[in-house]
Protein chains: 8
Amino acid sequence: MAGKKASPLVGIVMGSPSDLPTMELATGVLAEFGVAHEVVVASAHRSPERAANYAKTARRRGVQVIIAGAGGGAHLAGVLASHLTIPVIGVPMQTDALGGMDSLLSTVQMPSGIPVATVAIGGAGAKNAALLAIEILALSDEGLSKKLTAYRKKLAKKVESASASLSSREN
Amino acid sequence: MAGKKASPLVGIVMGSPSDLPTMELATGVLAEFGVAHEVVVASAHRSPERAANYAKTARRRGVQVIIAGAGGGAHLAGVLASHLTIPVIGVPMQTDALGGMDSLLSTVQMPSGIPVATVAIGGAGAKNAALLAIEILALSDEGLSKKLTAYRKKLAKKVESASASLSSREN
Amino acid sequence: MAGKKASPLVGIVMGSPSDLPTMELATGVLAEFGVAHEVVVASAHRSPERAANYAKTARRRGVQVIIAGAGGGAHLAGVLASHLTIPVIGVPMQTDALGGMDSLLSTVQMPSGIPVATVAIGGAGAKNAALLAIEILALSDEGLSKKLTAYRKKLAKKVESASASLSSREN
Amino acid sequence: MAGKKASPLVGIVMGSPSDLPTMELATGVLAEFGVAHEVVVASAHRSPERAANYAKTARRRGVQVIIAGAGGGAHLAGVLASHLTIPVIGVPMQTDALGGMDSLLSTVQMPSGIPVATVAIGGAGAKNAALLAIEILALSDEGLSKKLTAYRKKLAKKVESASASLSSREN
Amino acid sequence: MAGKKASPLVGIVMGSPSDLPTMELATGVLAEFGVAHEVVVASAHRSPERAANYAKTARRRGVQVIIAGAGGGAHLAGVLASHLTIPVIGVPMQTDALGGMDSLLSTVQMPSGIPVATVAIGGAGAKNAALLAIEILALSDEGLSKKLTAYRKKLAKKVESASASLSSREN
Amino acid sequence: MAGKKASPLVGIVMGSPSDLPTMELATGVLAEFGVAHEVVVASAHRSPERAANYAKTARRRGVQVIIAGAGGGAHLAGVLASHLTIPVIGVPMQTDALGGMDSLLSTVQMPSGIPVATVAIGGAGAKNAALLAIEILALSDEGLSKKLTAYRKKLAKKVESASASLSSREN
Amino acid sequence: MAGKKASPLVGIVMGSPSDLPTMELATGVLAEFGVAHEVVVASAHRSPERAANYAKTARRRGVQVIIAGAGGGAHLAGVLASHLTIPVIGVPMQTDALGGMDSLLSTVQMPSGIPVATVAIGGAGAKNAALLAIEILALSDEGLSKKLTAYRKKLAKKVESASASLSSREN
Amino acid sequence: MAGKKASPLVGIVMGSPSDLPTMELATGVLAEFGVAHEVVVASAHRSPERAANYAKTARRRGVQVIIAGAGGGAHLAGVLASHLTIPVIGVPMQTDALGGMDSLLSTVQMPSGIPVATVAIGGAGAKNAALLAIEILALSDEGLSKKLTAYRKKLAKKVESASASLSSREN
C-alpha cells in the first residue's frame, strides 16, 4: 500500500485507478497538513475480498478515518463502512452520463444503521473529504486543530485579496 | 432460510423485512410457475458477512439465479454479484423521498466487469425479476419454456378481454 | 438550550421546530449510547446571529460534533461549518415538493474548503448522523467503541432473525 | 471594493473569483444603464464574517439591491438576505457535475420569511439579475424607467431584424 | 378585480382559481403589512388577451410589483413580464406529477432580457413573494422598511422561543 | 372495440385498463365535440400483435388520429407510430415511483423519423390530446373549427368569472 | 418573413436566431417533401406583440400548422397556441445548463385546454416536428401521404443496409 | 447478419449504426469468451417489421440471449422482449441532451409481464451486457463458467496491481 513512513491515520481507497486524479486532491491536502495516510485501489465489486480485508485490517494498522472515492453505482464507501465502526467518508465521482448524480445517491442514501459521511461530487468533495478527516483527527490533536484554524484564516484572506484585486482592476 | 422442499433454483434476497410485500410479488410468480426458491433477508450493510456467505454458498446449494431487492443506496444486488458468476437480478425498491430513483441508480449503474440485471422500480420490477429468472431457467427446461409461452398468451388474452369489456360497457 | 446534565458532546441544531420529529431519531440514538447532547433551534436565515453565535460558542462549551438538520434550500449545516473546525454533519430533510433533493444538494454540494458530512435524506439520515457522531467520538473513547461494535452485532442479529421468522412462516 | 465613483446603488457579490466571467454580464448591463455599483468577492463559507459584514454595511453605504452569484451548494444569496431587508437577487452558477441544478435549488428554495429573487442559471441569469435590479431602482427613477422601455424596444427590434435577415437569406 | 380600497401597489395574478389556497399566503402577508393589493385570475394560455391587458394596464393603475403564481408549464410570470418593466415575481406551484420542478424551471429559466424574480415552490414561495414585494416597496417607504425590520426580529424571536420550549420540554 | 355508431375518426388506445380513468378525460372531450371515436386496450408489450394490428388497420377503418396513453417505459405511442403515417398523440401516464417522468421521456424522446405528438403528464395531457386531435380534424372541418373557437371563448370566460367571484368575495 | 413562393402551409417560429441550426433540420424536411413554409424569429418574451400578431395572422395567410422552437423557460409554443386553434408543435431546444429538461417541461406541461404537440429535445425533435406537420397535412393531401409512405420505406431500407454493411464488414 | 461461423448464441441488436462504437464493447467481450454471436441493426421505430421478424426468428436460429442497445426513447429492448421468452438485455445509450436518463428509464421501466434485464448506461453497460449473457449461458456450459471465474480473478488481480503500482509510485 502507498503511504508515508509514519503509521497511516487516514486510508484513502478508490474503486478504480481512473479515480486517482480526483483523489489526489485529497492526498494533497493531507500532505499539506502532515497527516500520514495510505492510498489503495480496492473495488467493492471487482475485488470484494480485498475491499473487505482492507476494511477489517485498517483499524489494526492505526487507520482512524477512511476516505472512499467511487463513481456510478458507488458502493465502495458503504461496503467499507459495513465492516468498520470508524468514520467512513464517501467521495462521489463525477460521471460522464449522469454527472455524478448516480455516484452521489449511491453513496449518501445509506440505510439506517451504517453511516457514510458524504461530501460533494468530484474534486471539491475530495478536498473536503481530507479536511473532514483532519477535523475528526484534530478533536484529539491540538496541533492539527491549530493548523485548521490557520487554514481557514488563509481561505478568508484569499477571498479578501481576490476581492481587492478585482477592485483595483475595475478602478 | 425460507424455502420449498425441492432444492431451490432461485434465491430471493432482500435487504430488509420491510421489502417483503414487494418481493412477495416475485415469490408469487415463482410459485405459479412451480420453480423452487428460497427467501432470505441479508443486508449488504447491516449483515455484510451474511450477505457474502449467502452469495458464496448459493451455487453450491443449487441456486442458479439470484433476485435481490433493496432500496435507497441499494448495494445488495451489486455486493452479491461481486461474489457470484451466476446471474443476479436487482429490484430497486420504491422510496419515500426520491421515489426509487436512488435505488434504481445504485442498482443499475454497476461498473464494467460485474453485471446486475436490473428491472423496474417496485412491484412491476419484482414480478418481472421472477419472470426473467424463469426465462433464464427455461433455456434448459422445455417445460418451463412452454409455461412461459402459455403465460404470455394469457397476458395477451387479458388485454383483449379488458378491451372487449370496455367496448361492451361503452355501447 | 435543551440538554442532558453532563456537558454536551454533540450539538443538534435544526432550522425549524417542524424538523423535530425527524431529528428525535438522532437524539434517540445518542441517548441509547449515553452520549450527552443538546438540542437547539437556530435558523440560518431567520436567526442568523443565533446560528453564528451557536457555532462560535459550541466548542467552548465542549461540543465536539454538530448535527444540523434543515430542509429545502438547506444552508444550516454549511453556515455552521463556516464558523467551526469541528465536524459538522448535515441531515437533509425530506420535502413536500421535491422529496428532499433540494435539501440534499444544498447540504452536500459544499465548496472546497468547508466540509459538511452529509447523510441520507430524512429519518435514516438522522439516525445515521447520530451514529456517525458516535463513531467520531469513539475514536478516543474505548467504551463508546465497544458499544458501537455491540450495536452492529445487534443489527446483524436482527437481520438474521427477520430471515429466520420469514423462513418459518413460509414453511 | 470595486466600484464606480458615485455611491453604489447595486452591490454585486460573488462567492469565488471564478464566478467573475459570468457576473461581468451583470456589471456590463449596469454600466450600460449608468447604474453605480460595486463588485466584491465574499464567500458565505470561506469568509462568513466578511459576507455578514458586507450585508450589514451595504444599506448604510447606499446600496439598494444586492446581486449574489454562487454555485453548487449556493448559500451566498440566502446568507446575505438573512442580514438584509433590501431585495437580494440570486444568480445560480452553472456547474460541471450537475449543470447548475444544485446552485438553482440551493438559491431558490428559501424557507418562508427570507426571500431571494432567483433568476436563471448562468449568463442569462446574470444579465437578468442586473435588469431586475434596474427595474426595482426604476420604480423611483423616471430616467431609468425610460431607459428600460427603450431597452425593451431595442430587444424587440433585434428580433425583428434577425427575422428579416433570415427571410432575405432564404429568398 | 379583487382589491383593497386604496389604489393597489401589488398585483397578484394566478393562472387558475385552484392556485388560490397557495396564493392567499401572499395576500395574507400583504394584508399584515397593510400593503394595498389586488387579486386576479388571468391564465397566460386560456385568457391570453386578459393576461396581456392586465399587464399593460397595471402600471397605469399604480401597481408597482406583480406577483404571478402558476403551475406546470408555468408561463404566466414570463408572459406578464414581457409586457412590463416593473418587477414581476414568479411563484411556481407545487404539482402532482413532478412536484413543481416543471413550474420552477418554466418560471425561472427566462431568456436574457426579461427577468422574472423567482421564489420557492408552493406556500413558502408565495409568502416570500409578498415579502420580496414589500422589500421592493420599502426602498422608498420608510414605514414599510421599519415593519420589515420588526418582522425579521419577530421571526428570530420565534426561533428562540421554539428552542427554549424544546429545551424546557427535554428537561 | 368500444366506439360510437359513426365510423371513428379518433382511435384511443391505452396500454392497460388501469389507464381508463385518465383516458376518459380524452373521450369526454371528444364526446363533447361530437367526434366519433373508438377506445381499445392494446399493450405494446403484452399484446404486441394486437397493437401492431390495431395500427395497421386503423386508417382503413377511417381513423385519422391516434391517441395513445401509457405509463412507465411507455412504448405504446412510439410502437403505434412505427406502423402509421397518421398523427399519433402520446399521453404519458402519471406513475407512482417517478411521477411520470419515465412515461414522459419514453414517449417524447422519439428518434428522428417517427414523430409522436406528446402532451402533458396525466389528466391535463389526456384532455389536451383530445383537443389536439380535434384541432387536426378541424383543419378540414369548418364546423369543428367553429366549435374550437367557441370552446376557447368559454375557457376565457371561465377565467374571467373565476376572477370576478374572487373579487366579490374579497370585497 | 422567410418563405417559399407558394402560400406557406407551415409556419416555423423560433425564439432566437441561435435556434436556427436546429430548426433548419425542420425546414430541410419540409423542403424535401415540397411543403411551402415560412420561417420567422419571434420571441415570446422579447417581442410579445410580434409573437401574438404572428399567431393571430397565421391562419389568415393559409398556415395550417405551426412549429415553434425555443429553449430554457420555453414559452413560445404555448404562447402561440394560446392565440390559435390550429395545431402547434413545440420543439424543446437543448440547453447548456440542464440539457434541455427545462425546455422540455416548459413546452410539454401545458395546462388543460391549450395543447402543444411536443417532440424530442433538439435536432431529432426538429426533424420530427416537420414530419408531424406533414402527417397532419397529409390527412387531406393524398400526394403527401404517398410521399410519407415512401419516406418510411426509405428509413427501413437504410436500417437494412446499415445492418448488411455491418455484417459484411464483420465477415 | 454479422456473425461468427458457428450458430450464434447471442444476438446483438442496435437501433442505429451510430450505436456501434458502444456495442462493440459487448462484441469484444463475447469474442474474448469465444461465444458465437450475430450483430444486426433493427430499429423498433424505423423498421418495426424487421425488429419483430428478428425477434420471432432468433430462437429458431439458436439464439439464447438478446442484447439490445438503443438511446433516447429506447423502445428496442422492450419491443424485442414482447415477442420473445428468452432473456433480453437492454443497454441504454448515453445521449447528448439528457445523458442517457431517457434511455435508462425507457429501457428499465417495463410493465409487469415483460422483463428487460437492464444494465448501466453506455460502455460499461455494453460490456456488462455481454458478461450477463455469458453468465446465463454458463449455467449450462461448464467451460464458460470456468472462463468467468478466471475473468473475475483477472479483474481482482488488475485492481491489486493498480494499487501496487500506485504504492510504488508514491514511495
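See the structure above.
This section reports on the structure supplied with the text. Each chain has its residues counted from 1, running along the sequence as written. Labels are handed out in written order, letters beginning with A for the chains and numbers beginning with 1 for the ligands. In keeping with the predicted nature of the model, local features appear solely for residues at pLDDT of at least 70, side-chain atom pairs appear and are counted solely at 80 or more, and the whole-chain, interface and lining totals rest on all residues. Hydrogen atoms and water are omitted, and side-chain values are computed over all heavy atoms in the structure.

### Observations regarding the overall build of chain A
We apply this condition: Secondary structure elements follow DSSP: runs of H or I of four or more residues count as helices, runs of E of two or more count as strands, with numbering from the N terminus. Exposed residues in this analysis have more than 50% of their type's maximum accessible area, buried residues have under 20%, and partly exposed residues fall in between, with area computed by a 1.4 Å probe over protein chains only.
A tally of helices and strands in chain A yields 6 helices and 6 strands. Each helix and strand of chain A, placed in order from N terminus to C terminus, yields the pattern β-β-α-β-α-β-α-β-α-β-α-α. Taken along the three principal axes of its C-alpha coordinates, chain A extends 60 × 40 × 30 Å. By residue count, 68% of the 171 residues in chain A fall in the buried class.

### Points about the relation of the copies chain B and chain H
Taken together, a rotation about one axis and a shift along it account for how the two chain copies relate. Which entries qualify depends on this criterion: In superposing the copies, a least-squares fit is computed on C-alpha atoms, taking residues whose pLDDT is at least 70 in both. Should any heavy atoms of two residues lie within 4.5 Å, those residues are counted as being in contact.
With an RMSD of 0.0 Å, the fit of chain B onto chain H corresponds to turning through 180° and sliding 0.0 Å along the axis. Those values place the two copies in the arrangement expected of a two-fold rotation axis. A share of 100% of interface residues in chain B that are also interface residues in chain H marks the association as one of identical surfaces.

### Topic: the interface of chain B and chain H
Threshold: The buried area of a pairing is the accessible area, by a 1.4 Å probe, that goes missing from both parts when the two are put together, added over both. Contacts described as polar in this section are N or O atom pairs within 3.5 Å, which, within protein, must combine one atom able to donate a hydrogen with one able to accept it, while residues neighboring in sequence count only if both atoms come from side chains.
Tallying the contact residues gives 42 residues for chain B and 42 residues for chain H. In this assembly, chain B packs against chain H so that about 3,400 Å² is buried in total across both faces, 59% of it on carbon and sulfur atoms. Put simply, chain B and chain H have 17 residue pairs in polar contact (both at pLDDT 80 or more) between them. Contributing elements (two or more residues each) for the side of chain B that touches chain H: helix H4 (101–108), strand S6 (117–118), helix H5 (123–138) and helix H6 (142–170) of chain B. Of all the elements, H5(B) adds the most residues to the side of chain B that touches chain H, at 8 residues.

### With respect to the packing of helix H4 (residues 101–108) of chain F against helix H4 (residues 101–108) of chain H
Each pair of packed helices can be summarised by the angle the axes make with each other and by the distance between the axes. Put simply, the test is: Axes here mean lines fitted to C-alpha atoms, for a helix over just the part in contact, with angles spanning 0 to 180 degrees between N-to-C directions. Here the word oblique covers every angle except those under 35 degrees (roughly parallel), over 145 (roughly antiparallel) and from 65 to 115 (roughly perpendicular). All residues other than Ala, Val, Leu, Ile, Met, Phe, Trp, Tyr, Cys, Pro, Asp, Glu, Lys and Arg, Gly among them, are scored as polar; the first ten of these are nonpolar and the last four charged.
One way to put it is that H4(F) packs onto H4(H) with a least axis distance of 8 Å and a crossing angle of 105°. Judged by the inter-axis angle, H4(F) sits roughly perpendicular to H4(H). In this structure, H4(F) contributes Met101(F), Asp102(F), Leu105(F) and Ser106(F) to the contact, and H4(H) contributes Met101(H), Asp102(H), Leu105(H) and Ser106(H). In terms of residue class, the contact of H4(F) with H4(H) is built from 4 nonpolar, 2 polar and 2 charged.

### A few points about the pairing of strand S5 (residues 88–92) of chain E
Residues and elements named next belong to chain E. Stated formally: For two strands to be treated as a pair, DSSP must find at least two bridges joining them. If the strands point away from the viewer and the path from the first strand over the helix to the second runs clockwise, then the crossover is right-handed.
The element S5 is extensively covered by neighbouring structure, given that 5 of its 5 residues are classed as buried. Side chains of S5 alternate between two faces, with Val88, Gly90 and Pro92 and Ile89 and Val91 buried alike. Relative to strand S6 (residues 117–118), S5 is paired through 2 bridges, and the arrangement is parallel. Bridge pairing in S6 links glycine 90 to threonine 118. Following the chain from S5 across helix H4 (residues 101–108) to the adjacent parallel S6, one finds a crossover that is right-handed.

### Observations concerning the side chain of Gln109(C)
Note that Gln109(C) resides in the loop between helix H4 (101–108) and strand S6 (117–118). Those residues within four positions of Gln109(C) in sequence are excluded, and the remaining contacts are Ala120(A), Ile121(A), Gly72(D), Gly73(D), Leu98(D) and Asp102(D).

### Re the pattern of salt bridges
Put simply, the rule reads: Note on definitions: salt bridges are taken to be side-chain nitrogens of Lys or Arg within 4 Å of carboxyl oxygens of Asp or Glu.
Taken as a whole and assessed by the stated rule, the structure comprises 32 salt bridges over all chains. Here Glu49(C) and Lys56(D) are joined by a salt bridge, their closest N and O atoms 3.1 Å apart. With one member in each of two chains, Glu49(C) in helix H2 (residues 48–58) and Lys56(D) in helix H2 (residues 48–58) form a pair that bridges those chains. By relative accessible area, which is 39% here, Glu49(C) ends up partly exposed. You can call Lys56(D) partly exposed: its relative accessible area is 38%.

### A word on the interface of chain E and chain D
If you look at the interface, chain E gives 42 residues, while chain D gives 42 residues. Taken over both partners, the interface formed by chain E and chain D buries close to 3,400 Å², and the fraction arising from carbon and sulfur atoms is 59%. Scanning the region where chain E abuts chain D turns up 17 residue pairs in polar contact (both at pLDDT 80 or more). Elements supplying a minimum of two residues to the side of chain E that touches chain D: helix H3 (76–82), H4, S6, helix H5 (123–138) and helix H6 (142–170) of chain E. Residue contributions to the side of chain E that touches chain D peak at 8 residues, all from H5(E).

### Let's talk about helix H2 (residues 48–58) of chain A
All names here are of chain A. To keep things clear, this is the line we draw: Comment: arc refers to directions from the helix axis out to C-beta atoms.
Pro48, Ala51, Ala52, Tyr54, Ala55 and Ala58 are the residues of H2 that are buried. Buried residues of H2 fall within an arc of 160° about the axis and therefore sit on the same side. Its buried side turned inward, H2 meets strand S2 (10–14), strand S3 (37–41), strand S4 (65–70) and helix H3 (76–82).

### Focus on the packing of aromatic side chains
All names here are of chain E. As a reminder of what qualifies: Each Phe, Tyr or Trp ring (for Trp, its six-membered ring) is paired with any other whose centre lies within 6.5 Å, and the angle between the two planes then decides the class: stacked below 30 degrees, edge-to-face above 60, tilted in between.
Going through the model one piece at a time under the given rule, you end up with 8 aromatic pairs over all chains. A ring pair is formed by phenylalanine 33 and tyrosine 151, whose centres lie 5.3 Å apart and whose planes are at 55°; its orientation type is tilted. In this pair, phenylalanine 33 sits in the loop between helix H1 (20–32) and strand S3 (37–41) while tyrosine 151 sits in helix H6, placing the two residues 118 residues apart along the sequence. For phenylalanine 33, a relative accessible area of 3% gives the class buried.

### Side note on the relation of the copies chain E and chain D
Screw-axis analysis of chain E against chain D gives a translation of 0.0 Å along the axis, an RMSD of 0.0 Å, and a rotation angle of 180°. Of all interface residues in chain E, 100% are interface residues in chain D too; the two copies therefore contact each other through one and the same surface.

### What to know about the environment of Leu76(G)
Checked against the element boundaries, Leu76(G) lands in helix H3 (residues 76–82). If sequence neighbours within four positions are ignored, Leu76(G) has contacts with Val13(G), Met14(G), Gly15(G), Ala42(G), Ser43(G), Ala44(G), Ala68(G), Gly69(G) and Ala70(G).

### Describing the packing of helix H1 (residues 20–32) of chain G against helix H5 (residues 123–138) of chain G
Residue and element names in this part refer to chain G. Put simply, the rule is: In a left-handed crossing the near helix is turned counterclockwise from the far helix by less than a right angle, and in a right-handed crossing that turn is clockwise.
Between H1 and H5, whose axes approach to 7 Å, the crossing angle comes to 30°. The orientation of H1 with respect to H5, classified from their angle, is roughly parallel. The two elements H1 and H5 meet at a crossing, and its hand is right-handed. Every residue of H5 that contacts H1 at Thr22, Met23, Leu25, Ala26, Val29 and Leu30 is listed here: Gly123, Ala126, Lys127, Ala130, Leu131 and Ile134.

### Details of the side chain of Ser82(C)
When you line up the elements, Ser82(C) lands in helix H3 (residues 76–82). Relative accessible area serves as the criterion here: at 8%, Ser82(C) is assigned to the buried category. Not counting residues within four places of it along the chain, the set of residues in contact with Ser82(C) comprises Arg152(A), Ile114(C), Ala44(D), His45(D) and Pro48(D).

### Describing the pairing of strand S5 (residues 88–92) of chain A
Residues in a regular strand point their side chains to alternate faces of the sheet. Residues and elements named next belong to chain A. Summarising the sheet, S4 and S5 pair through 5 bridges and their orientation is parallel. Bridging across to S5, alanine 70 finds its partner in proline 92. In terms of handedness, the path from S4 via H3 over to S5 forms a crossover that is right-handed.

### A look at the environment of Ala68(A)
Residue and element names in this part refer to chain A. Here alanine 68 is to be found in strand S4. Expressed as a C-alpha distance, the spacing of alanine 68 and proline 92, which sit 24 residues apart in the sequence, is 8.6 Å. When near neighbours in sequence (up to four residues on either side) are disregarded, alanine 68 contacts Val13, Leu76, Ala77, Leu80, Ile89, Gly90 and Val91.

### Topic: the environment of Gln109(F)
Judged by relative accessible area, Gln109(F) falls into the buried class, the value being 7%. Once the C-alpha coordinates of Gln109(F) and Gly78(F) are considered, the two residues, 31 residues apart in sequence, prove to be 9.5 Å apart. A distance of 3.0 Å separates the side chain of Gln109(F) from the backbone nitrogen of Ile121(G), its partner in a polar contact.

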